[in-house]
Structures are given as C-alpha cells and as structure tokens.
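Spelled out from the first residue to the last, the chains are:
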Amino acid sequence: DYAEIAHGLDTGDGYVMLTDEELASAQPEKTRTIEISKFVALEEIDPILFDHPYYLLPAGDGDGPLRAYRLLAEVMADADKVAIGQFVLRTKEYLVAVRARDGLLALTTMLFQQEIRPTADLDLPTRKRPSKAKVDRAVALVEALGADFDHDAYRDRYRRRLRKLVKDKEAGETIRAPASPKTPGPPPDIMEAL
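Parameters and conventions
- Note that residues are indexed from 1 along each chain, following the sequence as it is written.
- Whole-chain, interface and lining totals are the exception, using all residues; otherwise, since this is a predicted model, local features are given only for residues with pLDDT of at least 70 and side-chain atom pairs are given and counted only at 80 or more.
- Side-chain metrics rest on all non-hydrogen atoms present in the structure, leaving aside hydrogens and water.
- Strands here mean DSSP runs of E at least two residues long; helices mean DSSP runs of H or I at least four residues long; both are numbered from the N terminus.
- This radius of gyration counts C-alpha atoms alone. The globule rule is 2.2 Å times how many residues there are, raised to the power 0.38.
- Partly exposed residues are those whose accessible area sits between 20% and 50% of the maximum for their type, while under 20% is buried and over 50% is exposed, using a 1.4 Å probe and protein chains only.
- Salt bridges are counted wherever a side-chain nitrogen of Lys or Arg sits within 4 Å of a carboxyl oxygen of Asp or Glu.
- Stacked, edge-to-face and tilted are the three classes for Phe, Tyr and Trp ring pairs, Trp counted by its six-membered ring, which pair at centre distances within 6.5 Å; planes under 30 degrees apart are stacked, over 60 edge-to-face, the rest tilted.
- Only when the NZ atom of a Lys or the CZ atom of an Arg is both within 6 Å of the ring centre and within 35 degrees of the ring normal do we say a charge sits over the ring.
- In predicted models, pLDDT denotes the confidence assigned by the predictor to each residue on a 0 to 100 scale.
- Residues belong to one nonpolar core when they are buried, are Ala, Val, Leu, Ile, Met, Phe, Trp, Tyr or Cys, and are joined through side-chain atoms within 4.5 Å.
- Contact between two residues is taken to exist if any of their heavy atoms lie within 4.5 Å; hydrogens are not considered.
- The definition of a polar contact used here is a pair of N or O atoms within 3.5 Å, where within protein one atom must be able to donate a hydrogen and the other to accept one, and adjacent residues in sequence count solely through side-chain atom pairs.
- Should DSSP find at least two bridges between two strands, the strands are regarded as paired.
- Angles shown run from 0 to 180 degrees and are taken between the N-to-C directions of axes, each axis being a line fitted to C-alpha atoms and, for helices, limited to the stretch in contact.
- Only residues whose relative accessible area exceeds 30% and that take part in no salt bridge are eligible for patches, with like-charged residues grouped when within 9 Å of each other and nonpolar side chains (Val, Leu, Ile, Met, Phe, Trp, Tyr) grouped when within 5 Å.
- Here, Shrake-Rupley sampling with a 1.4 Å probe gives the accessible areas, and only protein chains in the shown set may cover a residue.
- Neither His nor the chain ends is counted toward charge; the positive residues are Lys and Arg and the negative residues Asp and Glu.
- Charged groups are reduced to one reference atom each: NZ for lysine, CZ for arginine, CG for aspartic acid, CD for glutamic acid.

Things to note about the overall build of the protein
Next up, step 1: Secondary structure summary: the protein contains five helices and seven strands in total.
Next up, step 2: Along the protein, helices and strands appear, N-terminal first, in the series β-β-α-β-β-α-β-β-β-α-α-α.
Next up, step 3: At 25 Å, the protein has a C-alpha radius of gyration far larger than the 16 Å of a compact globule built from 194 residues.
Next up, step 4: When its C-alpha atoms are laid out on the principal axes, the protein stretches across 60 × 55 × 55 Å.
Next up, step 5: In the protein, which comprises 194 residues, the proportion classed as buried is 13%.

Shown next as structure tokens:
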C-alpha cells in the first residue's frame, strides 16, 4: 500500500527512516546560477565522469547578459579551458563542466567521485599476464584498426528501425514482433584468436 512506502538510508548498522518533510530539509537551495570554482583543461577530466549535456543560454533581457555570455564563451574558447562548478537542477545538486562549443556554452552534468563504482570492488578473476608475443599481436591489431574519431559515421540504428516501423504502421501494414534472439554462447578467447 502507498501508505506503507517509506524512505530509508542504510547506515551499515540498520536503516534510518526519513519522512518526506525531513528529506525536503536536505534539498539544496535553487538559485538558477552556476557556481564556478575553477577552470581546468578538458584532458584532465576522465570521460567516465560525464553524464548529460545541455546548452546554456543567457538569462534576462537586454544587452548586458548577452554581452557577458559572449565574453565568457569567447574567453573560454581562446583559453581552451573548461569551467568546473556546481548547480541545482530540480532537487539535486550537480557537479558540472561548462565549455565553449560552436560559440555557445555547453554544460555537462558530471558524477561525483562517490557515484563511481571503484574497480577494486569488481570480482574479476586474476590470471597471469599474457605473453609478450600475444600482447604485441593485440597491439598490432589495435593499431591496424586505429582511426580518427568521426562522430558523423555513427547512426542510431534503433531510431532508423523505429521510423521505418512507424511508416509501415501508418501505411496499414501489420507489425509482428521478431522472434526471440538466440542466447549467445561465450565469446571466443581473444588471446587464442590472436
């Protein structure tokens, strides 16, 4: 029953139950501003931290906000720096990276350090290091497939299939669910393939 649903935090020794009012007291203050604390090089930020991108536009009427926005975008582009800061979106405070992109400011929400699962927690089997010959062949394969990243070369295949499905449905065709895919077997051992 909805009345029996509660919020709780696992402390390790049990759960502390919290009411909606108690949770509301911890919500961050909504200021509609981004608190920039420092400027860093983009290469210093591990891509695993990036979450969702947004474009920023100047707030307010008149020339003042627009001039300040353009100045910041130009200075950041010239300095090739990313602003690191924090802001509140809805009821959550986010770590953010703001950078100049195509004459605009782009904000990307980021994960806080404690939101990243430590790799030491992963239960991976330990094995001996592969031989130098296998490593050399793997490096040669990676180098043979090396290329510059071209974002335009990649397409959202699901979106294309969905658009075709909508056109077919619109044309009155009967849409049938595909057969369930076969469960794949274990992947081949890449080291043996090399």
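Comments concerning the pattern of salt bridges
Next up, step 1: A full pass over the atoms with the stated rule returns five salt bridges.
Next up, step 2: With a shortest N-O distance of 3.6 Å, K92 and E115 are connected by a salt bridge. With K92 in strand β6 (residues 92–101) and E115 in the loop between β7 (104–110) and α3 (132–144), this residue pair connects regions lying 23 residues apart in the sequence.
Next up, step 3: With relative accessibility at 31%, the residue K92 sits in the partly exposed group.

Focus: the packing of aromatic side chains
Next up, step 1: Summed over the entire model, instances satisfying the criterion amount to two aromatic pairs.
Next up, step 2: Ring geometry for F87 against Y94: centres 6.3 Å apart, planes inclined by 40°, an arrangement best described as tilted. In terms of burial, F87 and Y94 fall into one category: buried.
Next up, step 3: Ring plane angle 20° and centroid distance 5.9 Å describe the contact between F149 and Y154, whose orientation is recorded as stacked.
Next up, step 4: Its guanidinium or amino end placed over the ring of Y94, K92 lies 4.5 Å from that ring's centre, counting from NZ or CZ.

Brief notes about the confidence of the model for the protein
Next up, step 1: Here the protein averages 89 in pLDDT, and 97% of its residues register 70 or above.
Next up, step 2: Here helix α5 (residues 190–193) is the element of the protein with the lowest mean pLDDT, 62, and β7 is the one with the highest, 96.

Some thoughts on the nonpolar core
Next up, step 1: Counting 10 residues, the largest nonpolar core consists of Y69, A73, M76, A83, F87, Y94, V96, V98, L105 and L107.
Next up, step 2: Setting aside its immediate chain neighbours within four residues, A73 contacts A100, G103 and L105.
Next up, step 3: Counting residues in each nonpolar core, the second largest holds nine residues, with L49, I84, L95 and M110 among its members.

Some thoughts on the side chain of D168
Next up, step 1: Position of D168 relative to the elements: it lies in helix α4 (residues 157–170).
Next up, step 2: A polar atom in the side chain of D168 sits 2.8 Å from the side chain of K164.
Next up, step 3: Residues contacting D168, with those up to four places away along its chain left out, are E173 and I175.

Overview of the sheet that holds strand β5 (residues 82–89)
Sheets are built from strands paired through backbone hydrogen bonds, the pairs being either parallel or antiparallel.
Next up, step 1: Spatial ordering of the open sheet is given by β3-β5-β6-β7-β4, a layout of five strands whose pairing is antiparallel. At either margin of the open sheet sits one strand with a lone partner, and together these are β3 (35–40) and β4 (50–56). Pairwise comparison of adjacent strand axes, ignoring direction, gives a mean angle of 30° for this sheet.
Next up, step 2: Direction of pairing for β3 relative to β5: antiparallel, over a ladder of five bridges. When the sheet's bridge partners are listed, K38 is paired in β5 with I84.

Side note on a positive patch on the surface
Next up, step 1: Taken together, the side chains of R155, R157, R160 and R161 define a basic patch exposed on the protein surface.
Next up, step 2: Secondary-structure assignment places R157 in helix α4.
Next up, step 3: A relative accessible area of 59% means that R157 is categorised as exposed.

Observations regarding the side chain of T109
Next up, step 1: If you trace the backbone, T109 turns up in strand β7.
Next up, step 2: Once you skip the residues sitting within four places of it in the chain, T109 turns out to touch L49, F50, D51, H52, Y54, F87, Y94, L95 and V96.

Overview of the environment of T91
Next up, step 1: For T91, the position within the fold is in the loop between β5 and β6.
Next up, step 2: When the C-alpha positions of T91 and P28 are compared, they lie 6.7 Å apart, and in sequence the two are 63 residues distant.
Next up, step 3: Once you skip the residues sitting within four places of it in the chain, T91 turns out to touch Q27, P28 and K30.

Overview of a nonpolar patch on the surface
Next up, step 1: Taken together, the side chains of Y158, L162, L165, V166 and I175 define a hydrophobic patch exposed on the protein surface, amounting to about 440 Å² of accessible area.
Next up, step 2: Take L162: it is sitting in helix α4.

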